[in-house]
Amino acid sequence: MKAAVLREVRTPLQIEDVQISKPGPHEVLIRTAAAGVCHSDLHFIEGSYPHPLPAVLGHESAGVVEQVGSEVRTVKPGDHVITCLSAYCGHCEFCLTGHMSLCVSPDTKRDATDAPRLAQETGPMMQYLNLSSFAEQMLIHEHACVAIRPDMPLDRAALIGCGVLTGVCSVFHTAKVRPGETVAVIGCGGVGLAAINGAAIAGASRIIAIDMSRSKDNMARNFGATDFICASETDAVKEVLEMTKGGVDHSFEAVGLSKTAEQAFGMLKRGGDANIIGMIPIGQSVTVPGYAFLGEKKLQGSLMGSNHYPVDMPRLVDMYLAGMLKLDDMISRRIKLKEVNEAFEEMKGGQIARSVIVFDA
């Protein structure tokens, strides 16, 4: 199969032939239909986060099941599925206490003594975030995908696999936004727009979108923002505090920088929570004033929106088909696998929401 391979950090991905194994007892072979080009992949390309190389990147995807292992009971050949990097074992402490997105059990991977899922003649190819979806096929654990209704367009379903799930579920699960509360979202890329959309669905009374680019104004409002602040033109924290007369109930940092994480905390009202959903590079620290904790302000992380994806993803599909979840406007471009490096260059410019790789049927 053809796949986009990262061989060295800070170098373009290479389209190469990669061998894929047959499904083991709890594994699923999927024909990839679409894969979103997510900013998280860029973090690994640029070396902000380490990963063994060479590796096939990609982690936001949807497709059709081709084969299943002997013990698989959750999906069957022909099912349309969305994948999720939050592969879970189902029996560890995190899974059994309802925190399946935190599962790190090795049971969802092959043993070191087993043949690798991906390989070339020169040796094993590393699987990225349990998925490696910049490829024509994926071989994954059965608990890294969920079946969805077949009338859902798979190019839009792919977005739910990471960016939409992360943004929307950080609102629903991590912050537990309630009707009438106020929200600020820093960063209007794919994840930030999903958080804005989620806040609107949750019934937030005021949703303040913040981005460095003035061009994101209309897009943010289309996803549900009531206000927009261009952070390159003004002090965003000061503006939020003045607009809300004291701060917001919930803020969401969707950029992945220590500075914006500190700003998210600074724009809270007493008792508010700042939710860090962006990937802050390793080595960066976040500093906040200690006295602020006396006002019961909270700074908290969110991994993939604290999701319960086998339940959340089908519900998000229903929300899209009911006209509540805005996925159509999130896709800026549909591209071929060979154009993946161009998509990352466009992403760096900050002018697009999402490019989606669409594989030929």
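Our subject is the structure that appears above.
Residues numbered from 1 in each chain as written. Predicted model: local features only at pLDDT ≥ 70, side-chain atom pairs only at ≥ 80, totals over all residues. Heavy atoms only, no water.

## Topic: the sheet that holds strand β8 (residues 118-120)
Alright, step 1. A sheet is described by the order of its strands in space; here 6 strands give the open sequence β2-β1-β5-β9-β8-β3, paired in mixed fashion. Here the strands that pair on one side only, and so sit at the sheet edges, are β2 (14-17) and β3 (19-20).
Alright, step 2. Bridging between strand β1 (residues 2-6) and strand β5 (residues 55-56) involves 2 bridges; their strand directions are antiparallel. Of the residues in β5, the one forming a bridge with Leu6 is Ala55. (Pairing = 2+ DSSP bridges. Helix = DSSP H or I, 4+ residues; strand = E, 2+ residues; numbered from the N terminus.)

## Regarding the side chain of Glu27
Alright, step 1. Tracing the backbone shows Glu27 in strand β4 (residues 27-37).
Alright, step 2. A relative accessible area of 6% means that Glu27 is categorised as buried.
Alright, step 3. Among the polar contacts listed, one links the side chain of Glu27 to the backbone nitrogen of Gly24, at a separation of 2.7 Å.
Alright, step 4. When near neighbours in sequence (up to four residues on either side) are disregarded, Glu27 contacts Lys22, Val68, Gly69, Val72, Arg110, Arg117, Leu139, Ile140, His141 and Glu142. (Buried < 20%, exposed > 50% of the residue type's maximum accessible area, 1.4 Å probe, protein only. Polar contact = N/O pair within 3.5 Å; in protein donor to acceptor, adjacent residues only side chain to side chain. Contact = heavy atoms within 4.5 Å.)

## Comments concerning unusual backbone geometry
Alright, step 1. Along the chain, Leu53 connects to Pro54 via a cis peptide bond; the corresponding omega equals 0 degrees.
Alright, step 2. Note on placement: Pro54 falls in the loop between α1 (39-45) and β5.
Alright, step 3. You will see that Arg10, though not glycine, has its phi angle at about 65 degrees, which is positive.
Alright, step 4. Taking relative accessible area as the criterion, Arg10 reaches 61% and is therefore assigned exposed.

## A look at helix α7 (residues 258-266)
Alright, step 1. Residues of α7 that are buried: Ser258, Thr260, Ala261, Ala264 and Phe265. Projected onto a plane normal to the axis of α7, the buried residues spread over an arc of 165 degrees and lie on a single side. (Arc of directions from axis to C-beta.)

## Looking at the pairing of strand β12 (residues 182-186)
Alright, step 1. For β12, the tally of buried residues reaches 5 of 5 residues, placing the bulk of the element in the interior.
Alright, step 2. Alternating positions in β12 separate into two faces, Thr182, Ala184 and Ile186 on one and Val183 and Val185 on the other, with burial throughout.
Alright, step 3. This β-α-β element, β12 to helix α4 (residues 190-202) to strand β13 (residues 206-211), shows right-handed connectivity.
Alright, step 4. Note that β12 and strand β15 (residues 248-253) share 4 bridges and pair parallel. Looking at the pairing, Ala184 lines up with Ser251 of β15. (Right-handed = clockwise from strand over helix to strand, strands pointing away.)

## Focus: the pattern of salt bridges
Alright, step 1. In the structure shown here, the tally under the stated rule is 23 salt bridges.
Alright, step 2. Here Arg7 ties to Glu16 by a salt bridge, and the two come within 2.8 Å at their closest N and O atoms.
Alright, step 3. A salt bridge links Asp249 to Lys269; the nearest nitrogen and oxygen atoms lie 3.4 Å apart. In this pair, Asp249 sits in strand β15 while Lys269 sits in strand β16 (residues 268-276), placing the two residues 20 residues apart along the sequence. (Salt bridge = Lys/Arg side-chain N within 4 Å of Asp/Glu carboxyl O.)

## Some points on the nonpolar core
Note that soluble globular proteins tend to have their nonpolar side chains buried in a common cluster.
Alright, step 1. By size, the foremost hydrophobic cluster in this structure holds 75 residues, and its most contacted members are Ile160, Val164 and Ile196.
Alright, step 2. Looking at this core element by element, the count peaks at 11 residues for helix α3 (residues 154-174).
Alright, step 3. Residue contacts for Val164: discarding those within four places in its chain leaves Leu159, Cys169, Ala194, Leu325, Leu327 and Met330.
Alright, step 4. Formed by 19 residues, the second largest nonpolar core is a distinct cluster that contains Leu6, Ala35, Ile335 and Val340. (Core = buried A, V, L, I, M, F, W, Y, C linked by side-chain atoms within 4.5 Å.)

Distances and angles like these do not, on their own, reveal function.
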